[in-house]
Amino acid sequence: MNVLLVGSGGREDAIARKIRETDTLYSVVTNDNPSILSLSRDIMEYTRDSYKIVDFAKKNKIDIAFIGPDGVLETDLVDMLLENHIPVASPTQKAAMIETSKEYMRSLMKKYRIKGDIENTVVRNREDLEKFFRDNDGEYAIKPIGLTGGKGVKVMGLQINGVAEAIAYASEIIERDGRVLLEKRETGEEFSIQAFTDGTHIAFMPVVQDYKRLYEDDLGPNTGGMGSISDRNFILPFITIDTVNEARGILKKIVDSMREDGNAFKGVIYGQFMDTDHGVKVIEVNSRFADPEGINVLTLLKSNLVDIFLDIYSETLKDNIKFLNKATVLKYIVPPGYGIKPAESEITIKDNIESDRFKLYYSSVSGTMNRVKTSKSRALALIGIGDSIYEASDIVEEKLQYISGDYYIRHDIGTEQMLKRKIKG
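Residues numbered from 1 in each chain as written. Predicted model: local features only at pLDDT ≥ 70, side-chain atom pairs only at ≥ 80, totals over all residues. Heavy atoms only, no water.

A. Spotlight on the pairing of strand S17 (residues 358-362). Across the 5 residues that make up S17, a large majority, 4, are buried. Where S17 lies against strand S20 (residues 380-386), 5 bridges are found, and the strand directions are antiparallel. Paired with Phe-358 across the bridge in S20 is Gly-384. (Buried < 20%, exposed > 50% of the residue type's maximum accessible area, 1.4 Å probe, protein only. Helix = DSSP H or I, 4+ residues; strand = E, 2+ residues; numbered from the N terminus. Pairing = 2+ DSSP bridges.)

See below:
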């Protein structure tokens, strides 16, 4: 098969490697990711002119395409590929609204009475905003309606102190976007469930937990994700199977409701959930593999990814997808100052550091496989694979001796100390 992949971050490097296990890869990239370039038969630079990407796909006789990043799913690319009879295993522009419009996601949940919704309201002007906070006590998450790259949401009591700051930040969003989403703040343990779906059938992947906060002990500003963990039994030691099954049911209901709504979703969908003391709540829904959580599950995937893509497109998806029974811990190497004032740097990687127990994926970097230049985004995803989360974390730490340069990494992700604190809590 000739397979087209759009995107060039760490998530796409993981996808590219799975594709190359069996098939021929063609890539559309936003940066000269050295790993993806080395795996691809042919490449082109990403453009928002979808016609040019369609021409690239036609020239290379693409059998199936997959789009990685949310920002591309927001464009008309999937629709244009489908109109030109090129199969795609990603959602249409309209279906991707489950991620690209938080307002659409919340309205769908309300319309179909889907469990896990959070008290929310959309506000369109400063006057209504001030009235809302006069009339409502408590703390709220303040969210742009559209894509934020994991960085645009601010929560009262965490990144925002008091009503005055909340009104000021929400007003900025209204001035820029015309409206803002306010959601009642929920507290609890967050976790991600990703799934393949053909619009009717759904196949769930292992549960993963993402760590967005920049600093150790989950302090500092939100980022695109500093790392993530998964366990060998496909749930997490501080999340019960009943909680996981409740979340899976919610995600299945969202897929069913989208189909009933005349907006069938085909591709990879994932929910970010919170386990609260009053049930599972939906924090957000996304229309692609997560990053970093998608890298954890792709590293464990035993089934043929291209076959899964073909089954998604043909609406013949089967719930028999296999994953390794191993724990994983991913820690992202990022440029110095990432999340605040990032500075470009160079990082050197010694040869042959990968094994069955350790993988290194290249993200927003350029250069060679042994010497990369960072951008202002995440640089390298290091993932340990072990019989326990603690072991997988230790594997990543051991491999850091083979990587040199100016960078930052969260060492605490997946450590025994962190997990004991979560289980005790």
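Next, the rest of the story.
B. Spatial organisation of a nonpolar patch on the surface. Taken together, Tyr-215, Leu-219 and Ile-340 make up a surface patch of nonpolar side chains, about 310 Å² in accessible area. Inspection of the secondary structure assignment puts Leu-219 in strand S12 (residues 219-230). Relative accessible area serves as the criterion here: at 49%, Leu-219 is assigned to the partly exposed category. (Patch = residues over 30% accessible without salt bridge, like charges linked within 9 Å, V, L, I, M, F, W, Y side chains within 5 Å. Areas by Shrake-Rupley, 256 points an atom, 1.4 Å probe, with all protein chains shown as cover. Salt bridge = Lys/Arg side-chain N within 4 Å of Asp/Glu carboxyl O.)

C. Looking closely at the sheet that holds strand S19 (residues 371-374). Overall, antiparallel pairing links the 4 strands, which are arranged S18-S19-S16-S21 in an open sheet. Pairing within the sheet leaves two strands with one partner each, and these edge strands are strand S18 (365-367) and strand S21 (403-405). Neighbour-to-neighbour, the strand axes of this sheet turn through a mean angle of 30 degrees, independent of strand direction. With 3 bridges joining them, S18 and S19 adopt antiparallel strand pairing. (Axes fitted to C-alpha atoms, helices over the stretch in contact; angles between N-to-C directions.)

D. Summary view of a negative patch on the surface. Taken together, the side chains of Asp-49, Asp-55, Asp-76 and Glu-83 present a region of like negative charge at the surface. By the element assignment, Asp-76 lies in the loop between helix H4 (70-73) and helix H5 (77-83). (Lys, Arg positive; Asp, Glu negative; His and termini not counted. Charge placed at Lys NZ, Arg CZ, Asp CG, Glu CD.)

E. Examining the pairing of strand S11 (residues 209-215) more closely. For S11, the buried fraction is high: 5 of the 7 residues fall into the buried class. In terms of strand pairing, S11 meets S12 through 5 bridges, oriented antiparallel. What sits directly across from Tyr-215, in S12, is Leu-219. Counting the residues in the hairpin turn of S11 and S12 gives 3 residues, including Asp-217, whose phi is positive at 65 degrees.

F. Broad picture of the pattern of salt bridges. Under the criterion given, the structure shown has 35 salt bridges. Of the charged contacts in the structure, one is a salt bridge between Glu-391 and Arg-357, with a shortest N-O distance of 2.9 Å. Of the two residues, Glu-391 is situated in helix H13 (residues 389-399) and Arg-357 in the loop between strand S16 (346-349) and S17; the sequence distance between them amounts to 34 residues. The partly exposed category is assigned to Glu-391, whose relative accessible area is 24%.

G. Up close: helix H9 (residues 162-177). End to end, H9 covers 23 Å across 16 residues, agreeing with the expected 22 Å (1.5 Å per residue, within 8%). Along H9, the residues that are buried comprise Ala-166, Ile-167, Tyr-169, Ala-170, Ser-171, Ile-173 and Ile-174. Those residues of H9 that are buried are in contact with strand S5 (120-123), helix H8 (126-135), strand S6 (140-143), strand S7 (154-155) and strand S8 (180-184). (Expected span 1.5 Å × (residues − 1). Contact = heavy atoms within 4.5 Å.)

H. Geometry of the packing of aromatic side chains. A complete count under the given rule lists 9 aromatic pairs for this structure. Between Tyr-215 and Tyr-408, the aromatic rings sit 6.4 Å apart at their centres with planes inclined by 80 degrees, giving edge-to-face as the arrangement. Here Tyr-215, found in strand S11, pairs with Tyr-408, found in the loop between S21 and helix H14 (416-424); they are 193 residues apart in sequence, far enough to count as distant. Given the relative accessible area of 36%, Tyr-215 is considered partly exposed. (Phe/Tyr/Trp six-rings, centres within 6.5 Å; stacked < 30°, edge-to-face > 60°.)

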